[in-house]
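Here's the letter readout for the chains.
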Amino acid sequence: MEHVVITGLGAITPIGLTVEGCWRNLTAGVSGVGPITLFDASDLPTRIAAEVKGFDPQDHMDHKLARRSHRSAQFALAAAYQALQGAGLTINEGNAPTVGVVINTGAGGVGILEEGTGLLLSGGPRKISPLFVPIMMPNAVACQVSIAIGAKGPVLTSTLACASGNYALVEAMHMLQRGEAEVMIAGGAEAGMTRLLLTGFCNMGAL
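Because the structure is a prediction, the values reported are computed rather than measured.

Student: What am I meant to see in unusual backbone geometry here?
Tutor: Backbone geometry follows two general trends: most residues other than glycine have a negative phi, and most peptide bonds adopt the trans configuration. For Ala161, which is not glycine, the phi dihedral falls at a positive 50°. Summarising the element assignment, Ala161 is placed in the loop between β4 (155-156) and α7 (164-177). A residue is classified by how much of its surface remains accessible, and Ala161, at 55% relative accessible area, is exposed.

Student: Help me out: how do you make sense of α7 in this one?
Tutor: Owing to its 3.6 residues per turn, the α-helix brings residues three or four apart onto one side. Here α7 spans 20 Å end to end across 14 residues, near enough to the 20 Å set by a 1.5 Å rise per residue. Within the span of α7, buried status applies to Ser164, Ala168, Glu171, Ala172, Met175 and Leu176. Angular distribution of buried residues about the axis of α7 spans 140°; they occupy a single face of the element. Buried residues along α7 sit in contact with β3 (99-104), β4 and β5 (183-188). Positive phi shows up at Gly179, right after α7, with a value of about 80°.

Student: Looking at this model, I keep getting lost on the pattern of salt bridges. Mind explaining?
Tutor: Any two side chains of opposite charge can pair, on the condition that their charged atoms come close. Evaluated as defined, the whole model comprises three salt bridges. The partner of Asp43 in a salt bridge is Arg195, and the shortest N-O contact between them spans 2.7 Å. With Asp43 in the loop between β1 (33-35) and β2 (48-50) and Arg195 in helix α8 (residues 195-203), this residue pair connects regions lying 152 residues apart in the sequence. Note that Arg178 is salt-bridged to Glu171, the shortest N-O span being 3.2 Å. A residue is classified by how much of its surface remains accessible, and Glu171, at 12% relative accessible area, is buried. Among the charged side chains, a network of salt bridges with common partners joins Glu171, Arg178 and Glu180.

Student: Any chance you could explain the nonpolar core here in plain terms?
Tutor: Burial of nonpolar side chains together is a common tendency in soluble globular proteins. The biggest cluster of nonpolar side chains holds 19 residues, and the ones touching the most others in it are Val101, Ile103, Val145, Ile149 and Ile185. The set of elements that each furnish at least two residues to this core consists of α3 (71-87), β3 and α6 (140-149). Broken down by element, this core gets its largest block of residues, five residues, from α3. Setting aside chain neighbours within four positions, we find Ile103 in contact with Ala76, Val141, Ala142, Val145, Leu156, Thr157, Ile185, Gly187, Gly188 and Ala189.

Student: What exactly am I supposed to notice about a nonpolar patch on the surface here?
Tutor: Together, Val4, Leu160, Tyr167, Val170 and Met173 give the surface a local cluster of nonpolar side chains, amounting to about 350 Å² of exposed area. Summarising the element assignment, Met173 is placed in helix α7.

Student: Before we go on, may I ask you to explain the packing of α3 against α6 in this structure?
Tutor: When two helices pack together, you describe them by how their axes are tilted relative to each other and by the distance separating the axes. Between α3 and α6, whose axes approach to 9 Å, the crossing angle comes to 40°. In terms of orientation, α3 lies oblique with respect to α6. With respect to the hand of their crossing, α3 and α6 are arranged in right-handed fashion. For the pair formed by α3 and α6, the contact residues are Ser72, Ala73, Ala76, Leu77, Ala80, Tyr81 and Leu84 on the first element and Val141, Gln144, Val145, Ala148 and Ile149 on the second. Grouping the amino acids of the contact of α3 with α6 by side-chain chemistry returns 10 nonpolar, two polar and no charged.

What counts as what
- Residues numbered from 1 in each chain as written.
- Predicted model: local features only at pLDDT ≥ 70, side-chain atom pairs only at ≥ 80, totals over all residues.
- Heavy atoms only, no water.
- Helix = DSSP H or I, 4+ residues; strand = E, 2+ residues; numbered from the N terminus.
- Buried < 20%, exposed > 50% of the residue type's maximum accessible area, 1.4 Å probe, protein only.
- Expected span 1.5 Å × (residues − 1).
- Arc of directions from axis to C-beta.
- Contact = heavy atoms within 4.5 Å.
- Salt bridge = Lys/Arg side-chain N within 4 Å of Asp/Glu carboxyl O.
- Core = buried A, V, L, I, M, F, W, Y, C linked by side-chain atoms within 4.5 Å.
- Patch = residues over 30% accessible without salt bridge, like charges linked within 9 Å, V, L, I, M, F, W, Y side chains within 5 Å.
- Areas by Shrake-Rupley, 256 points an atom, 1.4 Å probe, with all protein chains shown as cover.
- Axes fitted to C-alpha atoms, helices over the stretch in contact; angles between N-to-C directions.
- Parallel < 35°, antiparallel > 145°, perpendicular 65-115°, else oblique.
- Left-handed = near helix turned anticlockwise from the far one by under 90°.
- Nonpolar A, V, L, I, M, F, W, Y, C, P; charged D, E, K, R; others polar.

Laid out in structure tokens, this is it:
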């Protein structure tokens, strides 16, 4: 494959829940940073963050899928649906094996890991859901997207810190050039705004 082109886009961000909304606010200089509302940060050195606000997963997926997905996977699913619609792509039995997914992340389901640790310490093993590992693992995002949209081509996740999303586009391009797929759903997803992770960034001086 000589040329690789982007035909559809999707975005769930602190400054917009669509590509159009994100771009409009970005070019207008709108900031997504504000006081943290997801948890109590009153005792932390940093009490501001760029949170995704106003996002209801059930606007994009059914209740069962939303309940079995970590917040980062919910973001990725919503963005993937936007991208498919923008590309005018319908995945069916005929083309499903040619459609792959590369969605990278830095922290994966760190929020689920933090929550599960608290439940284990406070209530014991019976408090841990049997879905804990499938929801928490970093590649759950790409796997859940591929299952939800019906893609049956290659599925890949790499955890490359802040470069994760950019690298997903590069890897998707390489897979297309190698002929491993004809279409790739590619991008990055993160939902690392947790008390534990923010505390770690504060203590390392990154904020």
